[in-house]
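Here's the letter readout for the chains.
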Amino acid sequence: MAYIVWKDSFDIGVPEMDYQHKLFVSYINELHKSIQFGYSKLNVVITLKKLADYIEVHFVEEEKLLISINYPMLEVQIKQHAYFISELASMKNTYMSKTQTANNMLIFMKDWFLHHITTEDIKYAEFI
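These notes cover the structure that comes with them. Remember, predicted model here, so these are calculated numbers, not experimental data.

A look at the overall build of the protein chain
- When you go through the protein chain residue by residue, the secondary structure sums to four helices and zero strands.
- In the protein chain, the succession of α and β elements from N to C terminus is α-α-α-α.
- Overall, the C-alpha framework of the protein chain stretches about 45 × 30 × 20 Å when taken along its three principal axes.
- Long-range pairs, those at least 24 residues apart, make up 71% of the contacts in the protein chain with a sequence separation of at least 6.
- Between the averaged position of the 12 positive side-chain charges in the protein chain and that of its 16 negative side-chain charges there is a distance of 10 Å.

Here you go:
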């Protein structure tokens with residue numbers, strides 16, 4: 001079973017961003033599967049890297065969109081994106097040194113992501 005099941009209520013109404021958000025959820029679910037089935041630490045790290053690489057691409061695309069519409073809360077979004085990237089990198093490093101559990105990473109990603117799209121991203125969707 002998927003760790004995060006996409007709900008229509010997660011859609012913000014911007015088709016390209018909704019697509020990218022769904023893709024991000026699929027990466028989180030892939031990470032969950034790697035952990036759930038006891039895949040090797042290397043497999044988990046590879047999945048984390050794919051997720052981190054993808055989220056950086058998504059954030060760049062989202063920020064370009066926000067710049068193009070002169071979104072007044074752009075700086076807030078940029079700071080939140082930077083925070084997520086920083087936390088993800090830190091978690092990956094502590095996971096590698098065995099002080100961070102994979103489940104803690106999943107909980108953080110799920111909570112941050114769902115909160116972000118339902119409270120922050122919805123604001124720019126309404127602005128558009």
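And the narrative resumes.
Topic: the packing of aromatic side chains
- On inspection of all chains with the given rule, the structure shows eleven aromatic pairs.
- Considering the side-chain rings of Tyr 71 and Phe 127, the 5.5 Å spacing of their centres and the 70° angle between planes classify their relative orientation as edge-to-face. Placement of Tyr 71 in the loop between α2 (41–68) and α3 (74–96) and of Phe 127 in helix α4 (residues 102–127) is noted, with a sequence separation of 56 residues between them.
- Under the relative-accessibility criterion, Tyr 71 is labelled buried at 7%.
- On the numbers, 6.2 Å between centres and 70° between planes, the contact of Tyr 83 with Phe 108 is edge-to-face. Separated by 25 residues along the polypeptide, Tyr 83 in helix α3 and Phe 108 in helix α4 bring together distant segments of the chain.
- Each residue in the set Phe 24, Phe 59, Tyr 83, Phe 84, Phe 108, Trp 112 and Phe 113 is aromatic and connected to the rest through ring pairs, giving one cluster.
- The ring of Tyr 3 is capped by Lys 110, whose NZ or CZ atom sits 4.8 Å from the centre of that ring.

Focus on the nonpolar core
- If you look at the biggest cluster of nonpolar residues, it comprises 27 residues, and the most contacted ones within it are Phe 24, Phe 84 and Met 109.
- Elements with a contribution of two residues or more to this core: α1 (15–36), α2, α3 and α4.
- A total of nine residues in this core trace back to one element, the largest contributor, which is α4.
- Once residues within four sequence positions are removed from consideration, Phe 84 is found in contact with Phe 24, Ile 55, Phe 59, Phe 108, Met 109 and Trp 112.
- Within the second largest apolar cluster, eight residues are counted, among which are Ile 12, Met 17, Leu 66 and Ala 125.

Considerations on the side chain of Glu 62
- Within the fold, Glu 62 resides in helix α2.
- Here Glu 62 sits buried without a salt bridge, and the closest side chain of opposite charge, Lys 123, lies 13 Å off (N-O distance).
- Side chain to side chain, Glu 62 and Tyr 124 meet in a polar contact 2.7 Å long.
- With near-sequence residues (within four places) excluded, Glu 62 lies in contact with Met 17, His 21, Gln 77, His 81, His 116, Asp 121 and Tyr 124.

Describing the pattern of salt bridges
- With the rule as written, the count across this model stands at five salt bridges.
- With a shortest N-O distance of 2.9 Å, Lys 49 and Asp 53 are connected by a salt bridge. Of the two residues, Lys 49 and Asp 53 both sit in helix α2, four residues apart, roughly one turn of that helix.
- Residue Asp 53 is classed as partly exposed on the basis of its relative accessible area, which comes to 38%.

Brief notes about unusual backbone geometry
- Even without being a glycine, Asn 70 presents a positive backbone phi close to 55°.
- Among the structural elements, Asn 70 can be located in the loop between α2 and α3.

About the criteria used
Position numbers for residues count from 1 along each chain, tracking the sequence in the order it is written. In view of the model being predicted, local features appear only for residues whose pLDDT reaches at least 70, and side-chain atom pairs are presented and counted only at 80 or more, with totals across whole chains, interfaces and linings using the full set of residues. In computing side-chain properties, one takes all heavy atoms of the structure into account and sets aside hydrogens as well as water. Comment: elements are numbered from the N terminus, with helices defined as DSSP H or I runs of at least four residues and strands as E runs of at least two. By the convention used here, residues are in contact when the closest approach between their heavy atoms is within 4.5 Å. Charge counting treats Lys and Arg as positive and Asp and Glu as negative, with His and both chain ends excluded. Charge positions are represented by NZ for Lys, CZ for Arg, CG for Asp and CD for Glu. Aromatic rings from Phe, Tyr and Trp, taking only the six-membered ring of Trp, are treated as a pair when their centres fall within 6.5 Å; an angle between ring planes under 30 degrees marks them as stacked, one over 60 as edge-to-face, and anything in between as tilted. The buried label applies to any residue whose accessible area, calculated with a 1.4 Å probe on protein chains only, is under 20% of its type's maximum; exposed applies above 50%, and partly exposed to all values in between. The rule is short: NZ of Lys or CZ of Arg within 6 Å of the ring centre and within 35 degrees of the ring normal puts a charge over the ring. Within this scheme, the nonpolar core is defined by two criteria: the residues are buried Ala, Val, Leu, Ile, Met, Phe, Trp, Tyr or Cys, and they are joined through side-chain atoms within 4.5 Å. Each reported salt bridge corresponds to a side-chain nitrogen of Lys or Arg within 4 Å of a carboxyl oxygen of Asp or Glu. Residues adjacent in sequence count toward polar contacts only when both atoms are side-chain atoms; beyond that, a polar contact is any pair of N or O atoms within 3.5 Å, and within protein one must be able to donate a hydrogen and the other to accept it.

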